[in-house]
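Overview (structure and organization)
One-letter residues, chain by chain:
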Amino acid sequence: MTPAEIAPKDRLIVALDLPSVDAAEAMIARLGDSVTFYKIGYQLAYAGGLPLIGKLADKGKKVFADLKMHDIGNTVTRGVESVARLGATFVTVHAYPQTMKGAVEGRGSASLKILAVTVLTSYNDDDLHAAGYRLSVSELVEARAQQAQVLGVDGLVSSPEEVGALRKIVGHQMSLVTPGIRPAGSATGDQKRIMTPGRAIAAGADYLVVGRPVVEAADPKALAEAIQAEIAQALGA
Ligand SMILES: O=c1ccn([C@@H]2O[C@H](COP(=O)(O)O)[C@@H](O)[C@H]2O)c(=O)[nH]1
């Protein structure tokens with residue numbers, strides 16, 4: 001499927017940032033047929049949530065294993081081989097050359113797609129400098145995207161702010177997945193590089209990751225459907 005063929009509804013990835021499998025399953029039940037794509041990150045994975053990947057896949061849902069791997073190449077290769085057996089659609093690694101190379105090796109010919117996290121959406125230029133980097137956020141995101149493309153990575157995680165520049169670098173060969181999404185009026189929290197769903201899609205994002213605005217909403221299903229409607233409108237669908 002080309003990125004242009006992805007249905008508006010399937011472009012929303014809900015981050016199941018919840019404390020237990022029971023809480024995640026209750027959220028999945030509340031969201032029902034509305035949401036087709038979920039993300040499992042640290043909080044749920046370390047609370048016993050990894051088997052949910054297979055359970056959701058068996059129900060026809062897609063799962064993004066946001067494990068943000070970063071280790072010596074061999075360890076990343078073996079880790080990705082294990083994740084490929086869980087039935088996930090996407091897995092994240094940090095965008096360091098050895099890490100990305102190891103991940104692509106571990107994926108082999110499996111259907112799992114490797115996403116490289118360029119620069120976390122909670123970072124701005126000052127945060128990067130404090131961490132010892134000389135480059136700005138946009139410079140580092142673009143440099144890492146170029147390395148990821150050469151290494152055969154399948155997609156990139158960035159904020160929607162960088163999507164326009166990334167599209168020019170990687171074309172439509174790589175999926176562009178953007179957290180840092182905030183529907184109008186939502187609390188920003190710790191995110192620093194943010195955009196509304198409609199603007200992120202108009203900028204060229206393929207998938208939007210939304211956590212707290214949905215899972216903390218009084219009516220998560222209504223909020224998810226409102227985001228999907230905004231996505232459809234931005235696509236002219
Ligand atoms: O750069 C990144 C990479 C990953 N994330 C993850 O996305 C969700 C966003 O949650 P919100 O509650 O909508 O802020 C969360 O699971 C992060 O770990 C990211 O935000 N930025």
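Rules used in this analysis
- Residues numbered from 1 in each chain as written.
- Predicted model: local features only at pLDDT ≥ 70, side-chain atom pairs only at ≥ 80, totals over all residues.
- Heavy atoms only, no water.
- Helix = DSSP H or I, 4+ residues; strand = E, 2+ residues; numbered from the N terminus.
- Rg over C-alpha atoms; globule rule 2.2 N^0.38 Å.
- Buried < 20%, exposed > 50% of the residue type's maximum accessible area, 1.4 Å probe, protein only.
- Contact = heavy atoms within 4.5 Å.
- Areas by Shrake-Rupley, 256 points an atom, 1.4 Å probe, with all protein chains shown as cover.
- Lys, Arg positive; Asp, Glu negative; His and termini not counted.
- Charge placed at Lys NZ, Arg CZ, Asp CG, Glu CD.
- UniProt positions renumbered as here; feature names shortened; annotations may be inferred.
- Near = heavy atom within 4 Å.
- Polar contact = N/O pair within 3.5 Å; in protein donor to acceptor, adjacent residues only side chain to side chain.
- Nonpolar A, V, L, I, M, F, W, Y, C, P; charged D, E, K, R; others polar.
- Core = buried A, V, L, I, M, F, W, Y, C linked by side-chain atoms within 4.5 Å.
- Axes fitted to C-alpha atoms, helices over the stretch in contact; angles between N-to-C directions.
- Left-handed = near helix turned anticlockwise from the far one by under 90°.

1. What to know about the overall build of the protein chain
When helices and strands are tallied, the protein chain shows 11 helices and eight strands. Against the compact-globule benchmark of 18 Å for 237 residues, the protein chain has a radius of gyration of 17 Å, which places it among compact chains. Seen along its three principal axes, the alpha-carbon backbone of the protein chain occupies a region of about 40 × 35 × 35 Å. Out of the 237 residues belonging to the protein chain, those deemed buried represent 48%. Across the protein chain, contacts joining residues at least 24 apart in sequence account for 65% of those joining residues at least 6 apart. Accessible surface for the protein chain amounts to roughly 10,600 Å². Of this, 52% is attributable to carbon and sulfur atoms. Charge-centre separation for the protein chain: the mean point of 24 positive side chains lies 3 Å from the mean point of 25 negative side chains.

2. Quick notes on the UniProt feature "domain: Orotidine 5'-phosphate decarboxylase" (unreviewed entry) in the protein chain
UniProt marks residues 11–227 with the feature "domain: Orotidine 5'-phosphate decarboxylase" (unreviewed entry), using the numbering shown here. Helix makes up 46% of residues 11–227 and strand makes up 17%, while its end C-alpha atoms are separated by 10 Å.

3. A short note on the site of the ligand
Taken together, 16 residues lie near the ligand, and Asp17, Lys39, Thr121, Arg182 and Arg212 sit nearest. In the model, an oxygen atom of the ligand is placed 2.7 Å from a nitrogen or oxygen of the Arg182 side chain. Measuring from an oxygen atom of the ligand, one finds a side-chain N or O atom of Gln191 at 2.7 Å. Across the complex, the protein chains shield 88% of the 460 Å² of accessible surface that the ligand would expose by itself. For the shell around the ligand, the secondary-structure elements that each account for two or more residues are β3 (62–69), β8 (207–210) and α10 (212–215). Taken together, the residues of the shell around the ligand sort by class into seven nonpolar, three polar and six charged.

4. What about the nonpolar core?
Inside soluble globular proteins, nonpolar side chains tend to come together where they are buried. Counting residues in each nonpolar core, the largest one holds 58 residues, and the members touching the most others are Val14, Leu16, Leu31, Tyr38, Ile40, Val153 and Leu156. If one sorts the elements of this core by residue count, helix α7 (residues 137–151) sits on top with five residues. Setting aside its immediate chain neighbours within four residues, Tyr38 contacts Ile13, Val14, Leu16, Ile28, Leu31, Leu56, Lys61, Lys62, Val63 and Phe64. Grouped together as the second largest cluster of nonpolar side chains are 12 residues, Ala15, Phe90, Val177 and Tyr207 included.

5. Here's the deal with the environment of Glu161
Here Glu161 lies in the loop between β6 (155–157) and α8 (163–170). Note: C-alpha distance between Glu161 and Ala205 (44 residues apart in sequence) is 9.7 Å. For Glu161, the contacting residues outside a window of four places in its chain are Arg193, Ile194 and Met195.

6. So, the packing of helix α4 (residues 73–86) against helix α5 (residues 97–107)
Between α4 and α5, the least distance of the axes is 7 Å, while the angle of their chain directions is 35°. When you trace α4 past α5, the crossing you get is right-handed. Every residue of α5 that contacts α4 at Gly73, Val76, Thr77, Val80 and Glu81 is listed here: Gln98, Thr99, Gly102, Ala103, Glu105, Gly106 and Arg107. Residues of the contact of α4 with α5, tallied by class, amount to three nonpolar, six polar and three charged.

7. With respect to the side chain of Ser159
With respect to the helices and strands, the residue Ser159 is situated in the loop between β6 and α8. For Ser159, the side chain forms a polar contact with the main-chain nitrogen of Glu161, separated by 3.0 Å. The residues touching Ser159, leaving out its near neighbours within four places in the chain, are Thr121, Thr178, Pro179 and Arg193.

8. Focus: the UniProt feature "active site" (unreviewed entry) in the protein chain
Those places that UniProt annotates as "active site" (unreviewed entry) correspond, in this numbering, to Lys68. As for its position among the elements, Lys68 is in strand β3. For Lys68, a relative accessible area of 22% translates into the label partly exposed. Among residues more than four places away in sequence, those in contact with Lys68 are Tyr42, Thr92, Val93, His94, Val117 and Leu120. For Lys68, the side chain forms a polar contact with the side chain of Asp66, separated by 2.8 Å.

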